Amino acid sequence: QVQLVESGGGLVQPGGSLRLSCAASGSIFRIYAMGWYRQAPGNQRELVARITSGGITNYVDFVKGRFTISRDNAKNTVYLQMNSLKPEDTAVYYCNADLRRVVGGPRLTYWGQGTQVTVSS
């Protein structure tokens, strides 16, 4: 079973920073991309940032210039550095991974359990 374990969420004041981490473990042949999504109460889950194994990134417009996604391929870990946080960033943040577990197997998407980020004074 593939598991994605997230850490780094919590309560922070407006203008502050947090760094989220997500480590993938289990039987994995290769990870092709990892990303972060978020969902606030009453809203749909939305893409925040994504990075491919080759280092290609994309961000939702609302976080461009404030958030930075990176990964350590050797550790199967993705990070999200969040700066200049706003109350509107408050949400549950979910890690995901696009991966293949075995050679010739299907390419599937897996999700973490989510971590709460609250931006409030």
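The structure presented is a predicted model; accordingly, all values stated were derived computationally and were not measured.

## Topic: the sheet that holds strand E3 (residues 18-25)
What links the strands of a sheet is backbone hydrogen bonding, and the strands pair in either a parallel or an antiparallel sense.
Argument step 1. The four strands are arranged E1-E3-E8-E7 in an open sheet whose pairing can be described as antiparallel. Looking at the sheet topology across the chains shown, the edges are occupied by strand E1 (3-7) and strand E7 (67-72). Within this sheet the neighbouring strands show an average axis-to-axis angle of 15°, counted without direction.
Argument step 2. Here E7 runs beside strand E8 (residues 77-82); their pairing, made up of six bridges, is antiparallel. Opposite Arg71, over in E8, you have Val78 as the bridge partner.

## Things to note about the packing of aromatic side chains
Argument step 1. Summed over all chains, the structure comprises one aromatic pair.
Argument step 2. Seen in terms of ring centroids, Tyr37 and Trp111 are 5.0 Å apart; in terms of plane orientation they differ by 65°. Their pairing is edge-to-face. Here Trp111 lies in strand E10 (residues 107-111) and Tyr37 lies in strand E4 (residues 30-39), a separation of 74 residues in the sequence.
Argument step 3. Of the residues examined, Trp111 reaches a relative accessible area of 38% and is grouped as partly exposed.
Argument step 4. Above the face of the Tyr94 ring, Arg45 is positioned so that its terminal group lies 3.7 Å from the ring centre.
Argument step 5. We note Lys86 situated over the ring of Phe62; from NZ or CZ to the ring centre the distance is 5.1 Å.

Parameters and conventions
- Residues numbered from 1 in each chain as written.
- Predicted model: local features only at pLDDT ≥ 70, side-chain atom pairs only at ≥ 80, totals over all residues.
- Heavy atoms only, no water.
- Pairing = 2+ DSSP bridges.
- Helix = DSSP H or I, 4+ residues; strand = E, 2+ residues; numbered from the N terminus.
- Axes fitted to C-alpha atoms, helices over the stretch in contact; angles between N-to-C directions.
- Phe/Tyr/Trp six-rings, centres within 6.5 Å; stacked < 30°, edge-to-face > 60°.
- Buried < 20%, exposed > 50% of the residue type's maximum accessible area, 1.4 Å probe, protein only.
- Lys NZ or Arg CZ within 6 Å of the ring centre and 35° of its normal.

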